Amino acid sequence: MSVLSCSGLGFRVRDAELLNDIDLEVRLGETLGIVGPNGSGKSTLLKLLAGLRAPATGEVRLGGQRLGELSRRSIAQQLAVVEQQADTDEAIRVFDAVALGRTPWLSALSPWSSEDDAIVRQALHDVDAAHLSKRTWRSLSGGERQRVHIARALAQRPQILLLDEPTNHLDIQHQLAILREVQSLPVTTLIALHDLNQALTCDRLAVLDHGRLVALGKPLEVLTPQRLLDTFGVQAHYLTDPFDGAQILRLRST
Amino acid sequence: MTATLIRTLLALGMLSLAVLAGVAIGETPIDPLVVLQVLANKLWGAGYALNPIDEGIVWNYRLTRALVAAACGAGLATCGVILQSLLRNPLAEPYLLGISAGASTGAVLVALLGVGAGLLTLSAGAFVGAMTAFALVVLLARVSGTSGGAGQIILAGIAGSQLFNAMTAFLITKSASSEQARGILFWLLGNLSGVRWPSVWLAVPVAVAGLVVCLWHRRALDAFTFGVDSAASLGIAVRRVQLVLIGCAALVTAVMVSIVGSIGFVGLVIPHAARLMLGTGHSRLLPASALGGALFLIAADVLSRTLIKGQVIPVGVITALVGAPVFALILIGRRNAR
């Protein structure tokens, strides 16, 4: 079953065509990775799917309904976004930053409840950041900030989570930790990734090239040596990890 | 809930004390007890025997002045909070963004054209001027830099202020008699001496309404912490909220400017202090800033009347003397935060 889909999706800024005729169906519960070279349209696709930009052509459907017909609030109750490097100068506390995730569920008159409190604490716990809750945003490292962003998205209690290169600028330990956390979450996840070996751990992969969807399917079927040469311009072959039998990509420049 | 009630009562208590002090202190000090007796006479017909001159000074001059100062301070501080949160810029406030200058031009234009010099027409003119100025400043900031640098909009604001101040000066020189010109120039610097009860009936409801609208949107204001896209993904109808709140800020600024002229830095100093003391949540930041603004401007007004014997310094001069150093401190603080 498709929880989020798009058809004929296109987007352009002035003359530059950033996305062209994308058809995609995200299945319930899966982790769908989006890969592609820089500028291939990964971030743009996520923004369109989240309804943060209006498409030039085509449409996005969330749970069968057109995105344009839904209010921002009801979209936010179903779908959460973790942007790349969203930052602030405010001396906001971690708990309050995560509490923002409750915004779509609260109205002007509804007070903050103990249930909201519990959801925020659970979200912090889920990304292993409970100990940070009293710290201020500015005092956090890049990896800690990213985990707080993910906790905020989780506090929205979404069915679908969109993440834009969440492991960027993190050290390797935190990259792997965040990836593992994200994939263990009981939600449908759409994740733009830079590292192809990390992308291999997704359920399915979508490959973007110059704003077009050029491949979609199981990681090992999609990331063939020919595809990697055509799209990424690298020589590739697979090795088998003697430790657990997993396939690993070895990449070389042409 | 009870905690909120206690805080509200505490705030109103502080405000009442400040107004009382604002009325009692002046070139001729008036016993606070006499002030209370005047209030009792006027509000409940208590019938205390009082000197009618004292009674007149308290009721018609000092009280109106203190109330308008409170409303104006609260309104401008609220505007500061809105602009800082929506533009994500700690230096944003009506005066520095040229909104006050635009409002002045609008009000002066209405006054000189003689479309009717009533408070409401002045305010309407000021509102149009304020919106025009803000639109121009935002447009200039957008066109001149897509990087969204924090300084960009302040620079645009300076350009806007200069333009509208020049237009005001031009209008005055061209069309005003020398007497009118003197009056307008004094009013432009921020001046509370002309206010009577009709001003109170305009300023107080507008300040309260502005605060209520902002409190209604407090969660939306919180949601802008990590930027516009983040707010949208948290379910905020970004365009609508921006329009409502910027319109609100422009309206409050316009009304205050048309009553007391452009008073700067209240919207900068007070929200900054409130953030330092209470943190970033708007449910506390907004009422605290409004209260702080009210107290600050009452105090500034008292200073403006008592600092030099026999002279009244424009209250805008006092706020700038406090505000400009704070502006400098925030600038330095931002550099260190990088």
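## Structural notes on the overall build of chain A
A count of helices and strands for chain A gives 9 helices and 12 strands. At 19 Å, chain A has a C-alpha radius of gyration in line with the 18 Å of a compact globule built from 254 residues. Overall, the C-alpha framework of chain A stretches about 55 × 45 × 35 Å when taken along its three principal axes. Across the 254 residues of chain A, 39% fall into the buried class. Put simply, of all contacts in chain A between residues at least 6 apart along the chain, 64% involve residues at least 24 apart.

## Here we look at the confidence of the model for chain B
Atom-level detail of predicted coordinates should not be read off regions where pLDDT is low. Here chain B averages 88 in pLDDT, while 96% of its residues score no lower than 70. Both confidence scores are given for the complex: pTM 0.89, ipTM 0.90.

## What about the sheet that holds strand β5 (residues 65-66) of chain A?
By definition, the strands of a sheet pair up through backbone hydrogen bonds, in either a parallel or an antiparallel sense. Read from one edge to the other, the open sheet built from 4 strands follows the order β2-β1-β4-β5 (chain A), with strand pairing classed as antiparallel. Of all the strands in the sheet, just β2 (16-27) and β5 of chain A have a single pairing partner and so form its edges.

## Regarding the sheet that holds strand β10 (residues 212-217) of chain A
All names here are of chain A. Taken in spatial order, the 6 strands of this open sheet run β6-β7-β8-β3-β9-β10, and their pairing is mixed. Edge positions in the open sheet fall to β6 (79-82) and β10, since each of these has one partner strand only. Strand-to-strand twist of the sheet, defined as the mean angle between neighbouring strand axes without regard to direction, takes the value 15°. Taken together, the 4 bridges between strand β3 (residues 31-35) and strand β9 (residues 204-209) define a ladder with parallel strand orientation. Each residue of the ladder has a partner; that of isoleucine 34, found in β9, is alanine 206.

## Observations concerning the nonpolar core
One finds Val98 and Leu162 of chain A to be the most contacted residues of the largest nonpolar core, which totals 174 residues. Here this core gets 18 residues from one element, more than from any other, and that element is helix α3 (residues 52-87) of chain B. The residues contacting leucine 162 of chain A, other than those within four sequence positions of it, are Leu46, Leu49, Ala50, Leu79, Val81, Val82 and Leu190 of chain A.

## Things to note about the interface of chain A and chain B
Contacts between the two partners involve 24 residues from chain A and, on the opposite side, 20 residues from chain B. Mapped by element, the contributors of at least two residues to the side of chain A that touches chain B are α2 (72-78) and β6 of chain A. At 5 residues, the largest contribution of residues to the side of chain A that touches chain B is made by α2 of chain A. Of the residues that constitute the side of chain A that touches chain B, the class distribution is 13 nonpolar, 3 polar and 8 charged.

## Here we look at the packing of α3 of chain B against helix α8 (residues 197-216) of chain B
Residues and elements named next belong to chain B. It is the contact of α3 with α8, at a shortest axis distance of 9 Å, that shows an interaxial angle of 30°. As summarised for this structure, α3 and α8 are arranged roughly parallel, according to the angle between their axes. For the element pair α3 and α8, the recorded crossing hand is left-handed. Judged by residue contacts, Thr64, Leu67, Val68, Ala71, Cys72, Ala74, Gly75, Thr78 and Ile82 of α3 engage Trp197, Ser199, Val200, Ala203, Val204, Val206, Ala207, Gly210, Leu211 and Cys214 from α8.

## Considering the packing of helix α4 (residues 99-113) of chain B against helix α11 (residues 238-260) of chain B
When two helices pack together, their arrangement is given by the angle between the helix axes and the distance between those axes. Residue and element names in this part refer to chain B. Where α4 contacts α11, the two axes come as close as 9 Å, and the packing angle between them is 55°. Classified by the angle between their axes, α4 and α11 sit oblique to one another. Crossing handedness for the pair α4 and α11: right-handed. Taken together, the residues of α11 that come into contact with α4 (itself represented by Ile99, Ser100, Ala103, Ser104 and Ala107) are Ala250, Thr253, Ala254, Val257 and Ser258. Of the residues contributing to the contact of α4 with α11, the split by class is 6 nonpolar, 4 polar and no charged.

## Some details on unusual backbone geometry
Of all residues except glycine, most have a negative phi; of all peptide bonds, most are trans. All names here are of chain A. Phi at arginine 14 is positive, roughly 50°, even though this residue is not glycine. Here arginine 14 is to be found in the loop between β1 (2-13) and β2. Phi is positive for histidine 210, close to 50°, though the residue is something other than glycine. One can find histidine 210 in the loop between β9 and β10.

What counts, and at which threshold
- Residues numbered from 1 in each chain as written.
- Chains lettered and ligands numbered in written order.
- Predicted model: local features only at pLDDT ≥ 70, side-chain atom pairs only at ≥ 80, totals over all residues.
- Helix = DSSP H or I, 4+ residues; strand = E, 2+ residues; numbered from the N terminus.
- Rg over C-alpha atoms; globule rule 2.2 N^0.38 Å.
- Buried ≥ 20, exposed ≤ 12 C-beta atoms within 10 Å, placed from the backbone.
- Contact = placed C-beta atoms within 7 Å.
- pLDDT = per-residue confidence, 0-100.
- Pairing = 2+ DSSP bridges.
- Axes fitted to C-alpha atoms, helices over the stretch in contact; angles between N-to-C directions.
- Core = buried A, V, L, I, M, F, W, Y, C linked by C-beta atoms within 7 Å.
- Nonpolar A, V, L, I, M, F, W, Y, C, P; charged D, E, K, R; others polar.
- Parallel < 35°, antiparallel > 145°, perpendicular 65-115°, else oblique.
- Left-handed = near helix turned anticlockwise from the far one by under 90°.

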